[in-house]
Amino acid sequence: MSLNMTLNNEAHFRAVENLVFEWARSIDENRVEDVCNLLAPAGRYTVISRFNQDRGLPLAIMDSRSADQLRDRIMSMRIANVYEPQHYRHIVSGVQIVGKEANLLQVRSNYMVVRTMDLTGDMKIISVGQCQDLVDISALSTGGDPVFQERKFVFDSRVIETLLIIPL
Amino acid sequence: MSLNMTLNNEAHFRAVENLVFEWARSIDENRVEDVCNLLAPAGRYTVISRFNQDRGLPLAIMDSRSADQLRDRIMSMRIANVYEPQHYRHIVSGVQIVGKEANLLQVRSNYMVVRTMDLTGDMKIISVGQCQDLVDISALSTGGDPVFQERKFVFDSRVIETLLIIPL
Amino acid sequence: MSLNMTLNNEAHFRAVENLVFEWARSIDENRVEDVCNLLAPAGRYTVISRFNQDRGLPLAIMDSRSADQLRDRIMSMRIANVYEPQHYRHIVSGVQIVGKEANLLQVRSNYMVVRTMDLTGDMKIISVGQCQDLVDISALSTGGDPVFQERKFVFDSRVIETLLIIPL
């Protein structure tokens, strides 16, 4: 934990926390496209099971190798996919900076997503797990904002709804 | 996001976050009356569906136009209403300051309320959504605490339990 | 609340918050043993119902009077107990410092634990409630980390699963 304390440069911490919260709020406010601006152009976005992650198995249910690829996926969600109207609500906790290499911070947080179906009002926890992120803070020194170099959602359950159309 | 960073005056942020948490803890510790002191005398407290909010429809399931009106409602809950004993537990995340005008901060956060029935022990998520708050920080400069000028709970589901007797 | 503001020494607050998050992450990452290092050697760890706590009734479902006793319990969990593989996920919110005496801080936070069964993938909220902690910050002045002098999970429901084998 002493490591954590050393890493907790307050300005860095707040900027990172805000980045994590901004991602969640973009999706929850149905501005899903906006998350692409929070990912570095060559950044990676992945949603993978804890089971596969622990065993080094590569299969993920979402895996974008660039912000553009993620943008494509979201456009397909908007235009091509047919699905029941629904809202996500992210509850995020325990943001911690657990490592640092040059301008890249390793960040951990716990997440839960509650999905509400627009028509029936049904609420359901659809995913809980840990975010394992790599955050690039180079822009901070020139007054800019940090971005995700890697954003990985590792969900606890091996089972997932067939339909995970909106990114987490 | 650069906007957010500019707004994130650390002392302001912590005071605002504490105000949000204090509201939740007052209710969860069954000191519901105490939230009236966190609302400005002429402040407004609203619980409204995302559906109505998005369409500018005014119907809300709770709408108090002053701290006194909210106090009345809570007194009625204590004295007049008959309902099964229950506890609320707020889980709040993603507090962000997203705008500022003079001494008023626009604040966003995600919330979830889990209700536990006292007799049966049943736990249930009764509401998830976003808080859209206006926080008055004028008192900070004289060592005082911020208060809510507006506190609005926008819940994701169109459906709500008939019984929402305790304020969120 | 003015009290809270006075207590919110920023460096203290962040260290305390990190301690609370570290506990959660240790368990969620299946490094349960690590929580013993976050508890003072003569510290106390308790899991008790709100019902009993409110009435001063002593019966708790877990009650360790030292870090070593907690270590024993976890070893028994690893070696002796037979139970279905499962993961915990803590969602923690509303960390507040509500009192201070010498080097001991009174800390409150809300928690929720979602349990995912490893085989079936079933997700379930198994406990929600409040943490009532006493945190020793003496080590901060010499560059060390705070530890829990007391860590008490007060859960809202009177009913609990027979099986609470992993500590909260």
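Remember, predicted model here, so these are calculated numbers, not experimental data.

1. Describing the sheet that holds strand S6 (residues 147-155) of chain C
Residues and elements named next belong to chain C.
Right, so step 1: The mixed open sheet is built from six strands, whose spatial order is S2-S1-S6-S5-S4-S3. For this open sheet the edge positions go to strand S2 (62-64) and strand S3 (86-101), each flanked by a neighbour on one side alone. Neighbouring strand axes in the sheet, compared pairwise and without regard to direction, differ in orientation by 20° on average.
Right, so step 2: Two elements, strand S1 (residues 39-49) and S6, share seven bridges in a ladder whose sense is parallel. Residue Ile 48 lies in a different strand from S6, and its bridge partner there is Val 154.

2. Things to note about the environment of Asn 52 of chain C
Residue and element names in this part refer to chain C.
Right, so step 1: With respect to the secondary-structure elements, Asn 52 resides in helix H3 (residues 50-55).
Right, so step 2: You can call Asn 52 buried: its relative accessible area is 13%.
Right, so step 3: Expressed as a C-alpha distance, the spacing of Asn 52 and Glu 29, which sit 23 residues apart in the sequence, is 30 Å.
Right, so step 4: Dropping the residues within four chain positions of it, Asn 52 is found in contact with Leu 57 and Leu 59.

3. Some remarks on the sheet that holds strand S4 (residues 104-117) of chain B
Right, so step 1: Pairing is mixed across the open sheet formed by six strands, whose spatial order is S2-S1-S6-S5-S4-S3 (chain B). Because the sheet does not close on itself, it has two edges, and the strands there are strand S2 (62-64) and strand S3 (86-101) of chain B. Strand-to-strand, the axes of this sheet are offset by a mean angle of 20°, without reference to chain direction.
Right, so step 2: Of the strands in this sheet, S3, S4 and strand S5 (123-136) of chain B are in contact with helix H2 (residues 10-28) of chain A, which crosses S3 of chain B at around 100°.
Right, so step 3: Lying over the sheet, helix H2 (residues 10-28) of chain B contacts strand S1 (39-49), S3, S4, S5 and strand S6 (147-155) of chain B, oriented at roughly 160° with respect to S3 of chain B.

4. Here's the deal with the interface of chain A and chain C
Right, so step 1: Taken residue by residue, the interface counts 30 residues in chain A and 28 residues in chain C.
Right, so step 2: Summed over both partners, the interface of chain A with chain C buries about 2,500 Å², with 52% contributed by carbon and sulfur atoms.
Right, so step 3: A salt bridge links Asp 118 of chain C to Arg 158 of chain A; its shortest N-O distance comes to 3.4 Å.
Right, so step 4: For the pair chain A and chain C, the number of links is 12 residue pairs in polar contact (both at pLDDT 80 or more).
Right, so step 5: Elements with a contribution of two residues or more to the side of chain A that touches chain C: helix H1 (2-7), H2, strand S3 (86-101), strand S4 (104-117) and strand S5 (123-136) of chain A.

5. Structural notes on the relation of the copies chain A and chain B
Right, so step 1: Once chain A has been moved 0.0 Å along the axis and rotated by 120°, it coincides with chain B to within an RMSD of 0.0 Å. In the structure described here, the two chain copies are related by an operation that fits a three-fold rotation axis. Identified as the residue of chain A closest to the rotation axis by C-alpha distance is Ser 93 of chain A, at 3.8 Å.
Right, so step 2: The overlap is low: 17% of the interface residues of chain A also sit at the interface in chain B, so different surfaces are used on the two sides.

6. Overview of the interface of chain A and chain B
One widely used convention gives an interface's size as the accessible area the parts lose upon coming together.
Right, so step 1: Each partner contributes to the interface: chain A provides 29 residues, whereas chain B provides 30 residues.
Right, so step 2: Between chain A and chain B the total buried area reaches about 2,600 Å² when both faces are included, carbon and sulfur atoms providing 52% of it.
Right, so step 3: Of all residues in chain A, Arg 14, Arg 89 and Asp 145 of chain A give up the largest surface area on contact with chain B, accounting jointly for 26% of the area buried on that side.
Right, so step 4: Summed over the shared surface of chain A and chain B, the result is two salt bridges.

7. A closer look at the confidence of the model for chain A
Residue and element names in this part refer to chain A.
Right, so step 1: Mean pLDDT over chain A: 92, with 93% of residues reaching 70 or higher.
Right, so step 2: Within chain A, the element-level pLDDT minimum falls on H1, averaging 53, and the maximum on strand S6 (residues 147-155), averaging 98.
Right, so step 3: Of the two predicted TM-score estimates for the complex, the pTM is 0.94 and the ipTM is 0.92.

8. Digging into the state of the cysteines
All names here are of chain A.
Right, so step 1: Here the structure, examined in full by the defined rule, presents zero disulfides over all chains.
Right, so step 2: Left unpaired, Cys 131 is separated from the closest cysteine sulfur, that of Cys 36, by 16 Å.
Right, so step 3: When its relative accessible area of 2% is taken as the criterion, Cys 131 is described as buried.

What counts and what doesn't
Within any chain, residue numbers begin from 1 and follow the written order of that chain's sequence. Labels are handed out in written order, letters beginning with A for the chains and numbers beginning with 1 for the ligands. Since the coordinates come from a predicted model, pLDDT governs what is reported: local features require at least 70, and pairs of side-chain atoms require 80 or more to be given and counted, while whole-chain, interface and lining totals use all residues. To get the side-chain values, take all heavy atoms of the structure and skip hydrogens and water. When DSSP finds two or more bridges between two strands, those strands count as paired. Here a helix means four or more residues in a row that DSSP labels H or I, a strand means two or more in a row labelled E, and each is numbered from the N terminus. Only the contacting stretch of a helix is used when fitting its axis, a line to C-alpha atoms as for every element, and angles between N-to-C directions run 0 to 180 degrees. Relative accessibility thresholds used throughout: buried, under 20% of the residue-type maximum; exposed, over 50%; partly exposed, between the two (1.4 Å probe, protein chains only). Note on definitions: a residue-residue contact is assigned when non-hydrogen atoms from the two residues lie within 4.5 Å. Note: buried area is the sum, over both parts, of the accessible area (probe 1.4 Å) each one loses when the two are combined. Any carboxyl oxygen of Asp or Glu within 4 Å of a side-chain nitrogen of Lys or Arg constitutes a salt bridge here. Throughout this description, a polar contact denotes any pair of N or O atoms lying within 3.5 Å of each other; where both atoms belong to protein, one of them has to be capable of donating a hydrogen while the other can accept it, and for residues adjacent in sequence the pair is counted only when both atoms sit in side chains. A least-squares superposition brings the copies together, and it is based on the C-alpha atoms of residues with pLDDT no lower than 70 in both. Here pLDDT means the predictor's own confidence in every residue, given as a number from 0 to 100. Here, two cysteine sulfur atoms that lie within 2.5 Å of each other are counted as a disulfide.

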